[in-house]
Amino acid sequence: MNILKSKLPSVGTTIFTIMSQLAKEHNAINLSQGFPNFPVDPVLVNILKRKSSQDVHQYAPMTGSPELMTQVSKLIYDNYQRNIEPSSELLITAGATQAIFTTILALISPGDEVIILDPSYDCYEPAVILAGGTPIHVQLGNDFLPDWNKIEDAFSSKTKMLITNNPHNPSGRMWSEKDMSELESILLKNEKVILLSDEVYEFIHFENKHISAHSLPSLFDRTIITSSFGKTFHITGWKMGYLVAPENVMIEIKKVHQFNIFSVNSVAQSVLAEYLNVAKVDELGVFYQQKRDLFRSLMQPSSFELLPCEGTYFQTVNYKAISQQNDVEFCKELAIKHKVAAIPISVFNKSNLDQKIIRFCFAKNDETLISATKILCQI
Ligand SMILES: Cc1ncc(COP(=O)(O)O)c(C=O)c1O
């Protein structure tokens, strides 16, 4: 007798695991999962070495170490000129995934609707379902930018939260001033809706500066913003991040955080608190822009059509000129036959809409990008 009833019956192995496994099995160059393959800053490594022999190994305070919280509020002030009160408006989390999960669990109840913009990162929907809420998926435009009429139409009396992701994974698109003011005006019309703004790639932007939800003071009393040190400092495996929320909302989030994780890795917190004194987040965009430009110029002779990439470390391409296969099959063949792994975009769409677009991660050393593009140009 099967005594188990799955709470997430439609969740299987993620495409990231599938493609990384395929890459391994077939010895393919892995441009699928979003993680860097170059060394982290030696300054960070040295701080880690030194700190590891100090008294940093016991539980950190529940909301985060005071030193790290001070540094993060300074980071937010320096970048967005927003003053937050670290003790009441900031929480250190085990990556953005935990921040998002904890927030949704704390704020969403059965019957609540949560608007998710597709293609969307895969951790939003399961959290909404586990909280008993109803995900309402709205497709972004073909250019992966928001269609505000469609988004506005999705609001109902049950809407409790809108989740946004800017700069956007998987497309690499960023929202303009106009998009941000559309967002603001829709939320001002729907005054009971909470905004959960996933900004894990906030420091990876190229020609244009990222416009954060930190720039919308009229919404501060119901905006939650999350970010990831994993993305900012090339340390995805550390699973470190933070979230900002107004005090009354944060009280509820902290109640769940307390029993979900209690407190976050003490060694990592202590290292990051010191590293933030010297880290230059404003150089991150330049660093990744060089990688983006290298990847795009090497791909120029290929039959793939390069789509706009304004931020993040993802480059999307259309492969219509090469194949009419669906994007999942195309990616499998790319990994097995051509030995380059990528991610199909349809898996980020609830409807599985197949636009014949795939995503490459260019957070890789130059040799990897050169070897991969050599192959891709011959297809
Ligand atoms: C859009 C988006 N949100 C959240 C996350 C999760 O970040 P973390 O690794 O800090 O949990 C990722 C990681 O890839 C992401 O791309």
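The structure displayed is predicted, hence computed values, not measured ones.

S.K.: Looking at this structure, I do not really get the overall build of the protein chain. What am I missing?
M.R.: Helix and strand counts for the protein chain stand at 14 helices and 13 strands. Against the globule reference of 21 Å for 379 residues, the protein chain gives a C-alpha radius of gyration of 21 Å, in line with a compact fold. For the protein chain, the spread of C-alpha atoms along the principal axes amounts to about 55 × 55 × 55 Å. Counting over 379 residues, the protein chain shows a buried share of 45%. For the protein chain, the share of sequence-separated contacts (at least 6 apart) that also reach a separation of at least 24 residues comes to 73%.

S.K.: Is there a simple way to explain the sheet that holds strand 10 (residues 314-318) in this structure?
M.R.: Backbone hydrogen bonds are what pair the strands of a sheet, in a parallel or an antiparallel way. The sheet built from four strands is open, its strands ordered 9-10-13-12 with antiparallel pairing. Lying at the two open borders of the sheet, with one neighbouring strand each, are strand 9 (305-306) and strand 12 (343-344). In this sheet, strand 10 lies alongside strand 9 in antiparallel orientation, the contact comprising two bridges. For Glu305, the partnering residue across the bridge sits in strand 10 and is Asn318.

S.K.: Can you help me understand the environment of Leu8 in this one?
M.R.: Note that Leu8 resides in the segment before helix 1 (15-25). Along the chain, Leu8 and Leu130 lie 122 residues apart, while their C-alpha atoms are 7.6 Å from each other. Dropping the residues within four chain positions of it, Leu8 is found in contact with Pro126 and Ile129.

S.K.: Where do I start with the sheet that holds strand 4 (residues 134-139) in this structure?
M.R.: Judged by pairing direction, the sheet is mixed, and its seven strands sit side by side in the order 2-8-7-6-5-3-4 without closing on themselves. The open sheet terminates on both sides in strands that have one partner only, identified here as strand 2 (90-93) and strand 4. Here the average twist between neighbouring strands, direction ignored, is 20 degrees. Sheet analysis places strand 6 (residues 194-198) next to strand 7 (residues 223-228), joined by four bridges and oriented parallel. Across the sheet, Ser197 pairs through a bridge with Ile225, a residue of strand 7.

S.K.: What's the story with the site of the ligand in this structure? I'm lost.
M.R.: In the vicinity of the ligand there are 14 residues, among which Gly95, Ala96, Thr97, Tyr121 and Ser228 approach most closely. Taken together, the residues of the shell around the ligand break down into three nonpolar, nine polar and two charged.

S.K.: Explain the packing of helix 2 (residues 42-52) against helix 11 (residues 266-275) to me, please; I cannot follow it from the model alone.
M.R.: Axis angle and axis distance: for two packed helices, these are the angle between their axes and the distance between the axes, and together they describe the pair. Their axes nearest at 9 Å, the elements helix 2 and helix 11 cross at an angle of 130 degrees. As judged from the angle between their axes, helix 2 and helix 11 are oblique. Between helix 2 and helix 11 lies a crossing of right-handed hand. Mapping the contact onto sequence places Val43, Leu44, Ile47, Leu48, Lys51 and Ser52 in helix 2 and Val267, Ser270, Val271, Glu274 and Tyr275 in helix 11.

S.K.: Which parts of the structure should I look at to understand helix 5 (residues 95-107)?
M.R.: A rise of 1.5 Å per residue sets the reference length of helix 5, with its 13 residues, at 18 Å; its end C-alpha atoms lie 19 Å apart and thus fit the reference within 8%. Among the 13 residues that make up helix 5, 13 are buried, leaving the element largely enclosed by the rest of the structure.

S.K.: I keep staring at the nonpolar core and nothing clicks. Help me out?
M.R.: Looking at soluble globular proteins, one finds that nonpolar side chains tend to be buried together. Counting residues in hydrophobic clusters, the biggest one holds 97 residues, and the most contacted among them are Ile104, Val340, Ala341, Ala342 and Ile358. The element contributing the most residues to this core is helix 5, with eight residues. Structurally, this core is a two-domain feature, drawing no fewer than three residues from each of domain 1 (15-40 + 284-376) and domain 2 (58-275).

S.K.: I'm lost on the packing of helix 1 against helix 13 (residues 327-338) in this one. Help?
M.R.: Interaxial distance between helix 1 and helix 13 falls to 8 Å at its minimum, and their mutual angle equals 20 degrees. Taken together, the axes of helix 1 and helix 13 lie roughly parallel to each other. Two packed elements cross with a definite hand, and for helix 1 against helix 13 that hand is right-handed. Only Cys331, Lys332, Ala335 and Ile336 of helix 13 make contact with helix 1, whose side of the interface consists of Met19, Leu22 and Ala23. Classifying every residue of the contact of helix 1 with helix 13 by side-chain character gives six nonpolar, no polar and one charged.

S.K.: Please explain the pairing of strand 5 (residues 159-165) as it appears in this structure.
M.R.: Each regular strand carries side chains that alternate between the two faces of the sheet. Counting buried residues along strand 5, six of its seven residues qualify, which places the element largely inside the surrounding structure. Bridge count between strand 3 (residues 113-118) and strand 5: four bridges; the pairing is parallel. Its bridge partner lying in strand 5, Ile115 is registered against Leu162. In terms of strand pairing, strand 5 meets strand 6 through five bridges, oriented parallel. If you follow Asn165 over to strand 6, its bridge partner there is Asp198.

S.K.: Would you mind going over the confidence of the model for the protein chain with me for this structure?
M.R.: Where the model shows low pLDDT, its predicted coordinates should not be examined in detail. Averaged over every residue, the pLDDT of the protein chain is 97; the share at 70 or more is 100%. The least confident element of the protein chain, judged by mean pLDDT, is helix 1 at 90; the most confident is strand 6 at 99.

S.K.: For this particular structure, what's the right way to read helix 14 (residues 366-376)?
M.R.: Note on helix geometry: an α-helix contains 3.6 residues per turn, so any two residues three or four positions apart are oriented the same way. Those residues of helix 14 that fall on the buried side of the exposure criterion are Leu369, Ala372, Thr373 and Leu376. Seen end-on, helix 14 carries its buried residues on one side only, within an arc spanning 95 degrees. Considering only its buried residues, helix 14 is in contact with strand 1 (29-30), helix 12 (284-299) and strand 11 (340-341).

Definitions and limits used
Residues numbered from 1 in each chain as written. Predicted model: local features only at pLDDT ≥ 70, side-chain atom pairs only at ≥ 80, totals over all residues. Helix = DSSP H or I, 4+ residues; strand = E, 2+ residues; numbered from the N terminus. Rg over C-alpha atoms; globule rule 2.2 N^0.38 Å. Buried ≥ 20, exposed ≤ 12 C-beta atoms within 10 Å, placed from the backbone. Contact = placed C-beta atoms within 7 Å. Pairing = 2+ DSSP bridges. Axes fitted to C-alpha atoms, helices over the stretch in contact; angles between N-to-C directions. Near = placed C-beta within 6 Å. Nonpolar A, V, L, I, M, F, W, Y, C, P; charged D, E, K, R; others polar. Parallel < 35°, antiparallel > 145°, perpendicular 65-115°, else oblique. Left-handed = near helix turned anticlockwise from the far one by under 90°. Expected span 1.5 Å × (residues − 1). Core = buried A, V, L, I, M, F, W, Y, C linked by C-beta atoms within 7 Å. Domains from an automatic or database assignment. pLDDT = per-residue confidence, 0-100. Arc of directions from axis to C-beta.

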